[in-house]
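# Examination of the molecular architecture
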Amino acid sequence: MTRLLDVGLEQLTMMVYKSGEVAESAINMSIRGFMNGKDVTEAVRELSDIIGAMTVEIENKAFELIVKYQPVASDLRIINSYMKIAYDFERYGRYAWDISFTHKKLADLDECAVSLDLMPKLIEKVSEMVSKSVEALREHDAELAKTLADTEIEVDELYFACLDQLSKARGRSKCVTCNLLVSRYLERIADHTTYVGEAIVYIATGEKISLR
Amino acid sequence: MNNVKIDIQGLNVWFGSKHVIKDVNMKIKPNAVTAVMGPSGCGKTTLIRAIDRLNELIRGSKTTGEIYIDKESVYSKDTDIFELRRLVGMVFQKPNPFPKSIYENIAFGPKLHKMASGEELDAIVEKSLKGGALWDEVKDRLTDNAFNLSGGQQQRLCIARALAVEPDIILMDEPCSALDPAATAKVESLIRELAKNYTVIIVTHNLQQAARVSDFTAFMYVGQLVEYGSTNRVFEKPESELAEQYITGKFG
């Protein structure tokens, strides 16, 4: 017999998956805008706002399930973790908007992205981590989630290499500032993917581990 | 587990041909609340009744294995059962006060064990009622019949009655199942207070109650001890699939 809690958990799960999809879209959109010199600030802001609203809905649903069913064991781990993951997805969306806004505000749209050699590689790695975090969530795949730790190390190395390059850059200070901030936002997104990964490992195994 | 109050070793209990407890090994800590949970008929009540040898009152019962309280055998032929049952108090599912005054309910045990009389007995009654978190509510009507108390008060009276003979261990078999939420909350607070001075074992069907009041939780299934550990661990990350399914309401 299906438990009443299962119905609510299914709804909560769908809400978190949807939030993850929208967050991934927001990041992809902002990155494409940045790389192609397009202003996508408003579109990304809309997505970021949608994720923010979904986070509130997810929290409300989670509280409802806790109050009504007093879940324990794997049920409780899922609800607790989904609340954390929803917050991380909200941060994905917010950093996506930060990238677009910074790019629009500070830089000449069509030139800054290519002014830092390491930026495409950093973007590629962070995009990979975002996709992986959303996929690992869908499958509750702890092993896939754990692989985020290795990519996180690569991202940190790339980020510090970016800082090194930027500290030596001459001229076009707006681009330098823009790239400095964008690389920082990307590094923070990567951090949040590891938080999502940690929550997935906790859901699947009950283990509390650090992926950083 | 260091610091063991009750050490259950290879315990088996049969009622006739029915094997009710199957090779249970369990070390119970002092000054803590241990909850025993599991589906109906899994042997929870039989397990705790083995500690004060109450199962022996049932014709056709047979017990093997050992239980030690403070390293003293419970099942030795030299065991003084009268003393054992003073040491191990029992609170049942339904409040069962004697048809006597509040005072007499508490004084009954100490009188029986010839522990005190006169003012000394009065002091035991007051201390026990305070221990049962009932004193303030009944101190001005100690001669009232205990049946005039509410259900929750009657259950706290039964707890106070158990305390009056100065036990070390208090066994509780579904002590809140007949109580409303407010009375349940009072008894649960009392259970936590009691754990400061006594070893408490509570059988409960109410999982949230086990989570709220206990330090350790045991999960039994068809007479076997399937899982036993800290309550936080058992309710967050049970090791056995059976316990996971039971506490998440997927069976039982």
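In this text, all values refer to a predicted model and were calculated from it rather than measured experimentally.

A tally of helices and strands in chain B yields ten helices and ten strands. Over its C-alpha atoms chain B spans a radius of gyration of 18 Å, differing by no more than 12% from the 18 Å that the globule rule assigns to 252 residues. With the principal axes as the frame, chain B shows a C-alpha extent of 55 × 45 × 35 Å. Here chain B, with 252 residues, has 45% of them falling under the buried criterion. Sequence-distant contacts in chain B: of pairs separated by 6 or more residues, those separated by 24 or more amount to 68%.

Secondary structure summary: chain A contains seven helices and zero strands in total. When the helices and strands of chain A are listed from N to C terminus, the series reads α-α-α-α-α-α-α. By the compact-globule yardstick of 17 Å for 212 residues, chain A fits well, its C-alpha radius of gyration being 18 Å. With respect to the three principal axes, the spread of C-alpha positions in chain A is 65 × 35 × 20 Å.

Before going further, it helps to examine the confidence of the model for chain B. Confidence in the prediction of chain B, expressed as mean pLDDT, is 94, and 99% of residues score 70 or more. If you check the scores for this complex, the pTM reads 0.84 and the ipTM reads 0.75.

A separate point is the nonpolar core. If you look at the biggest cluster of nonpolar residues, it comprises 74 residues, and the most contacted ones within it are V36, I170, V200 and I202 of chain B. If you tally residues by element for this core, the top one is helix α6 (residues 151-164) of chain B, at seven residues. Excluding its chain neighbours within four sequence positions, the residues that come into contact with I202 of chain B are V33, A35, M172, P175, I191, V213 and S214 of chain B. By size, the runner-up hydrophobic cluster in this structure holds 61 residues, among which are I31, A86, C112 and L116 of chain A.

Time to look at unusual backbone geometry. All names here are of chain A. We note that A73 has phi near 50°; this positive angle belongs to a residue other than glycine. By the element assignment, A73 lies in helix α3 (residues 73-106). In the Ramachandran plot, H140 falls in the positive-phi region, its phi being about 50° despite a non-glycine side chain. You can see H140 is positioned in the loop between α4 (119-139) and α5 (142-146). For H140, a count of 17 C-beta atoms within 10 Å puts it in the partly exposed group.

At the interface, eleven residues of chain B touch eight residues of chain A. Sorting the residues of the side of chain B that touches chain A by element identifies α8 (207-213), α9 (231-236) and α10 (241-247) of chain B as the ones contributing at least two each. The class makeup of the residues in the side of chain B that touches chain A is five nonpolar, three polar and three charged.

Sheet strands associate in pairs through backbone hydrogen bonding, adopting either a parallel or an antiparallel arrangement. All names here are of chain B. A sheet is described by the order of its strands in space; here four strands give the open sequence β2-β1-β4-β5, paired in antiparallel fashion. Each edge of the open sheet is held by one strand with a lone partner, namely β2 (18-28) and β5 (72-73). As paired elements, strand β4 (residues 61-69) and β5 share two bridges and run antiparallel to each other. Within β5, the position partnered with I69 by the bridge is E72. Where helix α1 (residues 44-51) meets the sheet, it contacts β1 (6-15), β2 and β4, and its direction lies at approximately 60° from that of β2.

All names here are of chain B. With respect to topology, six strands assemble into an open sheet ordered β6-β7-β8-β3-β9-β10, the strand pairing being mixed. Of all the strands in the sheet, just β6 (88-91) and β10 (224-230) have a single pairing partner and so form its edges. Sheet twist, expressed as the mean angle between neighbouring strand axes with direction ignored, is 15°. Summarising the sheet, strand β9 (residues 216-221) and β10 pair through six bridges and their orientation is antiparallel. Paired with F216 across the bridge in β10 is S230.

What follows covers helix α1 (residues 4-36) of chain A. Helix length check: α1 of chain A, at 33 residues, gives a terminal C-alpha distance of 49 Å against a target of 48 Å (1.5 Å per residue), a fit within 8%. Two residues or fewer after α1 of chain A comes G37 of chain A, characterised by a positive phi angle close to 70°.

Residue and element names in this part refer to chain A. Contact geometry of α4 with helix α7 (residues 173-205) gives a least axis separation of 9 Å together with a crossing angle of 25°. Classified by the angle between their axes, α4 and α7 sit roughly parallel to one another. Where α4 crosses over α7, the two elements pack in a sense that is left-handed. Contacts between α4 and α7 involve M119, L122, I123, V126, M129, V130, S133, A136 and L137 on the former and, on the latter, N179, S183, L186, I189, A190, T193, V196, G197 and I200. Each residue belonging to the contact of α4 with α7 can be placed in one class, and the counts come to 13 nonpolar, five polar and no charged.

Our next topic: helix α6 (residues 148-167) of chain A. Residues and elements named next belong to chain A. Taking 1.5 Å per residue as the helical rise, α6 with its 20 residues ought to reach 28 Å, and the 28 Å between its terminal C-alpha atoms agrees with that figure. For α6, the complete set of buried residues consists of L148, E152, V155, L158, Y159 and C162. Axial view of α6: buried residues confined to an arc of 125°, hence all on one face. Exposed and oriented more than 90 degrees from the buried face of α6 are D150, I153, F160, D164 and S167. Buried residues belonging to α6 abut α4, α5 and α7.

Rules and cut-offs
- Residues numbered from 1 in each chain as written.
- Chains lettered and ligands numbered in written order.
- Predicted model: local features only at pLDDT ≥ 70, side-chain atom pairs only at ≥ 80, totals over all residues.
- Helix = DSSP H or I, 4+ residues; strand = E, 2+ residues; numbered from the N terminus.
- Rg over C-alpha atoms; globule rule 2.2 N^0.38 Å.
- Buried ≥ 20, exposed ≤ 12 C-beta atoms within 10 Å, placed from the backbone.
- Contact = placed C-beta atoms within 7 Å.
- pLDDT = per-residue confidence, 0-100.
- Core = buried A, V, L, I, M, F, W, Y, C linked by C-beta atoms within 7 Å.
- Nonpolar A, V, L, I, M, F, W, Y, C, P; charged D, E, K, R; others polar.
- Pairing = 2+ DSSP bridges.
- Axes fitted to C-alpha atoms, helices over the stretch in contact; angles between N-to-C directions.
- Expected span 1.5 Å × (residues − 1).
- Parallel < 35°, antiparallel > 145°, perpendicular 65-115°, else oblique.
- Left-handed = near helix turned anticlockwise from the far one by under 90°.
- Arc of directions from axis to C-beta.

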